[in-house]
Amino acid sequence: MSHSEFSDATKVIKTTTKPDPATGALNTPIQLSSTFVQPDLDHFGKYDYTRSGNPTRDVLEDSIAALEHGTRGFAFATGMAAISTAFLTLHQGDHVIVTKDVYGGTFRLVTQILPNYGIDYTFVDCGDKAALEAAFKPNTKVVYIETPSNPTLKVTAIRQVVAVAHAHDALVFADNTFMTPIFQKPLDLGADLVLHSGTKFLAGHSDILAGLIVTKTKKLGDAVYFIQNAMGATLGISDCWLLLRGIKTLGVRVKAEADSALTLAKWFQKQPLVTKVNYPGLADFDGHDVQFSQATSGGAVLSFDVGSEDNVRRLVQDLKIPVFSVSLGAVETILSYPPKMSHAEMSAEERHACGISDGLLRLSVGVEDVDDLKADFAQAFAKIEQLQH
């Protein structure tokens, strides 16, 4: 059997475990070398300089490409380095359409850096087909989506976006960080390029920064490689090894975390203090049907509204289990406040227009016991409700 015939649960192991042919060591060797000796003046080997290629990084890049069903994978120093590289496949005079509720770092890149290079942009609700159609210009080259989005978990129909974009000769880039290739494969749905903040679920342990790209075609892969090599924002070799180790447990981690997220989302809906819950796994969530037409789970991230910043402040102080921090996708449950963290670059008006209210919290559910998490939130909610009465 080839790797393409394996299930994802098997593939995460087989693509990340590459025994050393020289010694039989089970784990991929960490090749801590900046340069490689060449046989002679006329015969050069596959590797010459680690910025251009490294055996350890190759295993990681081949692994993510196999998991996403793409032709080629690329590893970067951070998620934003990967996103920046994807956008740098554009040229001066090009136009990009970006989903309206996008990660704050992407928003900053698109609005404050791309214009310096003559790249124009339009934010639009990519789930609204008519609005998406209207946003196209003759120079539109890319439609950039996140689905589910951060932090409102808005679901975008990937197939629909692909159909519209390709009809206009534009590519579709999809950030798949929240779903991981275990739950969703955008390339199989027609997207041209997939991005990950490898820092999050793929690494899974809050110990490294990493970004990943997978391309559908060799042509786009060649363009990404040229930028990766020319600009040099590659992932360090020790971090490549740690990310490979993280991916080995990806399947079991995200499935357990997603099960707990669904349990918590249903429980939050019953709490008087919670005014809204955003989670694609809920049957009554707007976008649930689209989500399960293109993914196999609602994922391990949800957001919920507790009504005000004052309530957020009290909740953060009283919770014992979740860590209050930026980032997501780790074995520990992480509670974040988007208005002052991931989306701090946006004005209040921009945030509110995207559904990011002053009382909104994002919860990345870890592998702790879900009953312990419910009990912890229950005691914190009770303290707030006592103060209000």
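Going along each chain's sequence as written, the residues are numbered from 1 onward. Where totals are concerned, whole chains, interfaces and linings use all residues; where local detail is concerned, this predicted model gives features only for residues with pLDDT of at least 70, and gives and counts side-chain atom pairs only at 80 or more. Calculated side-chain values reflect all of the structure's heavy atoms, with hydrogen atoms and water omitted.

**Brief notes about helix 9 (residues 237-248)**
Given 3.6 residues per turn, any residue in an α-helix points the same way as the ones three and four places further on. Rules: Runs of E in the DSSP output that reach at least two residues are strands. Runs of H or I that reach at least four are helices, and both are numbered from the N terminus. One fewer than the residue count of a helix, multiplied by 1.5 Å, yields its expected span. For every residue, the accessible area (1.4 Å probe, protein chains only) is compared with the maximum for its type, and the residue is labelled buried under 20%, exposed over 50%, or partly exposed between those bounds. The arc in question is traced by the directions running from the helix axis to the C-beta atoms. In this analysis, two residues are considered to be in contact whenever any of their non-hydrogen atoms come within 4.5 Å of each other.
If you check helix 9, its first and last C-alpha atoms are 17 Å apart, about what twelve residues at 1.5 Å a residue would give, namely 16 Å. Among the residues of helix 9, those classed as buried are I237, C240, L243, L244, G246 and I247. Buried residues along helix 9 cover an arc of 165° about the axis, so they all sit on one side. Taken together, the buried residues of helix 9 touch helix 1 (8-14), helix 2 (55-67), strand 7 (211-215) and helix 10 (250-268).

**Observations regarding the packing of helix 2 against helix 9**
Selection criterion: Working convention: axes come from line fits to C-alpha atoms, limited for helices to the stretch in contact. Angles between N-to-C directions cover 0 to 180 degrees. The hand of a helix crossing depends on one turn: near helix anticlockwise from the far one by less than a right angle means left-handed, and clockwise means right-handed. The classification used treats Ala, Val, Leu, Ile, Met, Phe, Trp, Tyr, Cys and Pro as nonpolar, Asp, Glu, Lys and Arg as charged, and all other residues, Gly among them, as polar.
Where helix 2 contacts helix 9, the two axes come as close as 8 Å, and the packing angle between them is 35°. The chirality of how helix 2 crosses helix 9 is left-handed. On helix 9, the residues touching T56, R57, V59, L60, S63 and L67 of helix 2 are I237, C240, W241, L243, L244 and I247. Along the lines of polarity and charge, the residues of the contact of helix 2 with helix 9 split into nine nonpolar, two polar and one charged.

**Overview of the environment of Y117**
As for its placement among the helices and strands, Y117 is situated in the loop between helix 4 (104-113) and strand 3 (120-124). Linking Y117 and L88, residues 29 residues apart in sequence, is a C-alpha distance of 9.4 Å.

**A word on the side chain of D192**
How we decide: For this count, His and the chain ends are skipped, Lys and Arg are scored as positive, and Asp and Glu as negative. Salt bridges are identified by distance alone: a Lys or Arg side-chain nitrogen within 4 Å of an Asp or Glu carboxyl oxygen. Here a polar contact is recorded for every N or O atom pair within 3.5 Å, except that within protein the pair must consist of a potential hydrogen donor and a potential acceptor, and residues adjacent in sequence are included only if both atoms are side-chain atoms.
With respect to the helices and strands, D192 occurs in the loop between helix 7 (180-183) and strand 6 (193-197). Despite its burial, D192 pairs with no opposite charge, the nearest such side chain being K216 at 5.6 Å. Only 2.8 Å separates the side chain of D192 from the backbone nitrogen of V172, close enough to count as a polar contact. Setting aside residues up to four positions removed in sequence, D192 forms contacts with H166, L171, V172, L187, V214, T215, K216 and L220.

**Notes on the nonpolar core**
One recurring pattern in soluble globular proteins: nonpolar side chains tend to sit buried together. Formally: Nine residue types can take part in a nonpolar core, namely buried Ala, Val, Leu, Ile, Met, Phe, Trp, Tyr and Cys, and a core is a set of them joined through side-chain atoms within 4.5 Å. Here the limits of each domain have been adopted from an automatic or database domain assignment.
Counting residues in hydrophobic clusters, the biggest one holds 80 residues, and the most contacted among them are L243, F268, L302, F304, L315 and F381. A total of eight residues in this core trace back to one element, the largest contributor, which is helix 10. For this core, the two domains that each supply at least three residues are domain 1 (8-245) and domain 2 (252-388). For F381, the residues in contact, after removing those within four places along its chain, are W267, F268, Q271, L273, V274, F304, V306 and L315.

**Topic: the domain arrangement of the protein**
Rules: The term buried area means the drop in 1.4 Å probe accessible area that two parts suffer when joined, counted for both and summed.
Per the domain assignment, the segments making up the protein are domain 1 (8-245) and domain 2 (252-388). Taking the mean C-alpha position of each, domain 1 and domain 2 sit 27 Å from one another. Taken together, the 35 residues of domain 1 in the interface contact 42 residues of domain 2. With both chains or domains summed, domain 1 and domain 2 bury close to 2,900 Å², and 64% of this area falls on carbon and sulfur atoms. Sorting the residues of domain 1 by area buried against domain 2 places P151, F183 and F201 first, and these three jointly supply 24% of that buried surface. Scanning the region where domain 1 abuts domain 2 turns up zero salt bridges. For the pair domain 1 and domain 2, the interface holds ten residue pairs in polar contact (both at pLDDT 80 or more). Per-element accounting of the side of domain 1 that touches domain 2 gives the leading share, five residues, to helix 4. Across the side of domain 1 that touches domain 2, the residue classes break down as 17 nonpolar, 13 polar and five charged.

**Quick notes on the packing of aromatic side chains**
Stated precisely, the cut-off is as follows: Pairing of aromatic rings covers Phe, Tyr and Trp, the last through its six-membered ring, and needs centres within 6.5 Å; plane angles under 30 degrees mean stacked, over 60 mean edge-to-face, and all others mean tilted.
Taken as a whole, this structure holds eleven aromatic pairs when the rule is applied. Seen in terms of ring centroids, F304 and F377 are 6.0 Å apart; in terms of plane orientation they differ by 85°. Their pairing is edge-to-face. With F304 in strand 9 (residues 301-305) and F377 in helix 14 (residues 370-388), this residue pair connects regions lying 73 residues apart in the sequence. By relative accessible area, which is 0% here, F304 ends up buried. On the accessibility criterion, F377 (0% relative accessible area) is buried. Counting every residue linked through ring pairs, the aromatic cluster contains W267, F268, F304, F377 and F381.

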